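Observations on the model geometry
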Amino acid sequence: MNFKSTIGFEVHFELKTKSKIFSPSPVSYGAKPNTETNVIDWAMPGVLPYVNKDVYRLGIMVALATHAHILPTTHFDRKNYYYPDSPKAYQITQFFQPLARDGYVEIESHGKKKRIGIHEMHIEEDAGKNTHGTNGYSYVDLNRQGVPLLEVVSEPEIADPDEGYAYLEKLRKIVQFTGASDVKMEEGSMRVDTNISIRPAGQKELGTKVEMKNLNSFEHVRKSLAYEEKRQAQVLLSGGRVQLSTRRFDEATGKTVLERVKEGDADYRYFPEPDIAPDHISQEWIDEIKSTLPRSAEERYNQYVNEFGLKKYDANVLLQTKESSDFFDQTVAAGADPQLAANWMNTQVNGYLNDNRVELADIKLTPEHLAAMIKLIKDGTISSKIAKKVFAETIANGTDPKKYVEDKGMVQLSDTSVLAPMVKEVVDNNPQSVEDFKNGKDRAIGYLVGQLMKQTRGKANPKIINKLLNEELQKR
């Protein structure tokens with residue numbers, strides 16, 4: 001019997017605000033436990049939440065980027081459940097009137113394009129974090145309590161794990177390039193819940209769905225979905241019934257493991273949040289936010305390939321992060337050749353970041369520095385070999401490339417009136433190399449170039465001395 005899969009996603013993005021959604025506590029990653037909290041986060045008696053307007057702004061940016069309809073009036077609701085990392089024993093979220101509905105993400109999978117609908121997106125608060133020690137104690141860190149989240153809920157229109165992978169990649173890039181979230185799964189700022197059901201091919205009624213929560217990589221999403229397809233098929237083929245449940249993915253075995261029987265919406269007893277009035281979103285504000293949206297990854301890709309003439313591979317490497325793309329754009333805007341800028345970004349800059357485990361924001365190299373260095377290469381002031389030394393100095397210490405080249409006497413020697421006599425002298429002193437050249441041995445040129453570079457301490461312009469050498473050897 002053949003089965004058809006139906007897959008949906010609920011993806012949570014931490015929004016890049018300076019403070020939390022309902023309190024003035026700061027938001028940062030890696031702070032000492034319970035140092036970024038206050039009485040609102042702790043749900044002390046008598047405290048009241050108040051809404052951080054920037055949360056709405058960032059959520060609207062994502063809604064616009066995914067073609068969603070933004071509701072003119074929204075309000076918050078209480079989702080009641082008790083977890084030890086949630087002091088209130090309920091979550092403030094949006095249920096009855098969310099931020100936006102009816103968007104879509106266009107993906108490409110199996111060589112075909114397909115639109116995956118977005119059912120809705122809503123904003124809500126995150127819970128704290130539990131850590132279970134080996135000493136028998138559990139610890140609660142409420143730094144994350146109240147961090148603003150945007151939850152994007154897809155329509156159940158994804159047909160297989162590969163489509164699911166493509167959807168997550170595209171959604172992640174869309175959100176990242178709005179600047180609303182840094183989408184770092186390793187830091188928890190993007191978290192994925194997925195659900196899957198299968199049914200016999202030809203049956204219209206959907207099967208019973210199984211949910212998997214907090215998957216920490218796209219590959220784990222794909223593997224868990226593939227495993228569930230097989231597991232649920234075996235259950236049905238053996239005459240069993242798939243149970244509405246939540247499972248977790250075990251990385252070691254590649255299998256999913258039952259955690260609990262799934263609750264329904266009624267178990268959460270949703271009702272309107274009495275302490276927060278409804279919020280009204282004007283079209284004027286939406287239009288204002290739309291006018292400030294950064295360029296999408298797709299728009300940038302088209303410019304890189306069609307206008308700048310970059311290879312598709314180079315363009316895609318630059319677009320791995322918004323920060324990398326922004327740095328490249330600023331380098332080109334500062335006057336750098338686009339292809340040379342892409343080459344340096346994708347090799348030397350990325351190599352330094354990977355080797356030192358730092359990000360672009362952590363280094364002293366600026367787009368203006370990189371552009372200045374590329375100009376020095378382009379106009380022949382320095383060679384590519386010397387440029388690597390200049391780059392190492394600049395990225396480590398923020399030194400101005402032009403000044404460094406001048407102070408260290410690194411200016412490339414390109415004057416033919418100076419180089420020509422030197423070329424003649426080197427050729428005169430190496431008759432064997434002349435003979436080798438006449439016999440078609442390419443290494444002869446390389447040897448002579450090396451002698452000239454040694455004589456000029458690496459400052460001779462390689463293009464010019466190659467030209468002069470060929471001219472001189474043709475005379476012999």
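Residues numbered from 1 in each chain as written. Predicted model: local features only at pLDDT ≥ 70, side-chain atom pairs only at ≥ 80, totals over all residues. Heavy atoms only, no water.

The protein carries the name Aspartyl/glutamyl-tRNA(Asn/Gln) amidotransferase subunit B in an unreviewed UniProt entry, which gives Lactobacillus kimbladii as its organism. Recorded under Subunit (unreviewed entry), the UniProt text for the protein is reproduced unchanged: "Heterotrimer of A, B and C subunits." For the record of the protein, the UniProt heading Sequence similarities (unreviewed entry) holds the text "Belongs to the GatB/GatE family. GatB subfamily." (UniProt positions renumbered as here; feature names shortened; annotations may be inferred.)

**Quick notes on the overall build of the protein**
Helix and strand content of the protein: 16 helices and 16 strands. In terms of principal-axis extent, the alpha carbons of the protein reach across some 95 × 60 × 55 Å. Within the protein, the fraction of its 476 residues that count as buried is 47%. Counting contacts in the protein only where the partners sit at least 6 residues apart, residues at least 24 apart contribute 68% of the total. On the protein, roughly 24600 Å² of surface is accessible, and the fraction owed to carbon and sulfur atoms is 50%. Distance from the positive charge centre (64 side chains) to the negative charge centre (68 side chains) of the protein: 5 Å. (Helix = DSSP H or I, 4+ residues; strand = E, 2+ residues; numbered from the N terminus. Buried < 20%, exposed > 50% of the residue type's maximum accessible area, 1.4 Å probe, protein only. Contact = heavy atoms within 4.5 Å. Areas by Shrake-Rupley, 256 points an atom, 1.4 Å probe, with all protein chains shown as cover. Lys, Arg positive; Asp, Glu negative; His and termini not counted. Charge placed at Lys NZ, Arg CZ, Asp CG, Glu CD.)

**Remarks on the pairing of strand S13 (residues 245–250)**
Each regular strand shows side chains that alternate between the opposite faces of the sheet. With five of its six residues buried, S13 lies for the most part within the structure. The pairing of strand S12 (residues 210–215) with S13 spans three bridges and is classified as parallel. Paired with Val210 across the bridge in S13 is Ser245. Note that S13 and strand S14 (residues 255–261) share six bridges and pair antiparallel. Along S14, the bridge assignment pairs Ser245 with Val261. In textbook terms, the turn of a hairpin is the stretch between consecutive antiparallel strands, and for S13 and S14 this stretch comprises four residues, one of which, Gly254, has a positive phi near 75°. (Pairing = 2+ DSSP bridges.)

**Quick look at the nonpolar core**
In this structure, Phe9, Met121 and Tyr167 are the most contacted members of the largest nonpolar core, which totals 54 residues. Element by element, the count of residues in this core is highest for helix H1 (residues 53–65), at eight residues. Residues within four places of Tyr167 in sequence aside, it is in contact with Phe9, Val105, Ile107, Ile116, Ile118, Val152, Ser154 and Ile158. (Core = buried A, V, L, I, M, F, W, Y, C linked by side-chain atoms within 4.5 Å.)

**Side note on the sheet that holds strand S15 (residues 271–272)**
Remark on secondary structure: sheet strands pair via backbone hydrogen bonds, oriented parallel or antiparallel. Strand order in the open sheet formed by three strands is S5-S4-S15, and the pairing between neighbours is antiparallel. The open sheet has two free edges, formed respectively by strand S5 (90–93) and S15, since each of these has just one partner strand. Judged from the four bridges that link them, strand S4 (residues 77–80) and S5 form a sheet pairing that is antiparallel. Residue pairing across strands places Asn80 opposite Tyr90, the latter belonging to S5.

**Concerning the packing of helix H8 (residues 322–333) against helix H9 (residues 338–356)**
Relative orientation of the contacting elements H8 and H9 amounts to 145°, with a least axis distance of 10 Å. The handedness of the crossing between H8 and H9 comes out as right-handed. On H9, the residues touching Ser324, Phe327, Phe328, Thr331 and Val332 of H8 are Pro338, Ala341, Ala342 and Met345. A class-by-class count of the residues in the contact of H8 with H9 yields seven nonpolar, two polar and no charged. (Axes fitted to C-alpha atoms, helices over the stretch in contact; angles between N-to-C directions. Left-handed = near helix turned anticlockwise from the far one by under 90°. Nonpolar A, V, L, I, M, F, W, Y, C, P; charged D, E, K, R; others polar.)

**Some details on the packing of aromatic side chains**
In this structure the tally under the stated criterion is twelve aromatic pairs. A centroid spacing of 3.8 Å and a plane angle of 5° characterise the contact between Phe95 and Tyr270, whose relative ring orientation is stacked. Residue Phe95 is found in the loop between S5 and strand S6 (100–109), and its partner Tyr270 is found in the loop between helix H4 (265–268) and S15; the two are separated by 175 residues along the sequence. On the basis of relative accessible area, Phe95 is assigned to the partly exposed category, the value being 29%. Tyr270 gets classed as buried once you look at its relative accessible area, which sits at 18%. (Phe/Tyr/Trp six-rings, centres within 6.5 Å; stacked < 30°, edge-to-face > 60°.)

**Remarks on the pattern of salt bridges**
For the structure on display, the rule yields 25 salt bridges. A salt bridge links Glu125 to Lys88; the shortest N-O distance between them is 2.8 Å. Here the residue Glu125 occupies a position in strand S7 (residues 112–125), and Lys88 occupies one in the loop between S4 and S5, the gap between them amounting to 37 residues. Each of the two residues, Glu125 as well as Lys88, counts as buried. Among the salt bridges present, the one from Lys184 reaches Glu359, with a minimum N-O distance of 2.9 Å. One end of the pair, Lys184, is in the loop between helix H2 (161–178) and strand S11 (190–200); the other, Glu359, is in the loop between H9 and helix H10 (367–378), with 175 residues separating them in the sequence. Glu359 sits in the partly exposed class, given a relative accessible area of 40%. Through salt bridges with shared partners, a single network forms among Arg295, Arg300, Lys322, Asp326 and Asp329. (Salt bridge = Lys/Arg side-chain N within 4 Å of Asp/Glu carboxyl O.)

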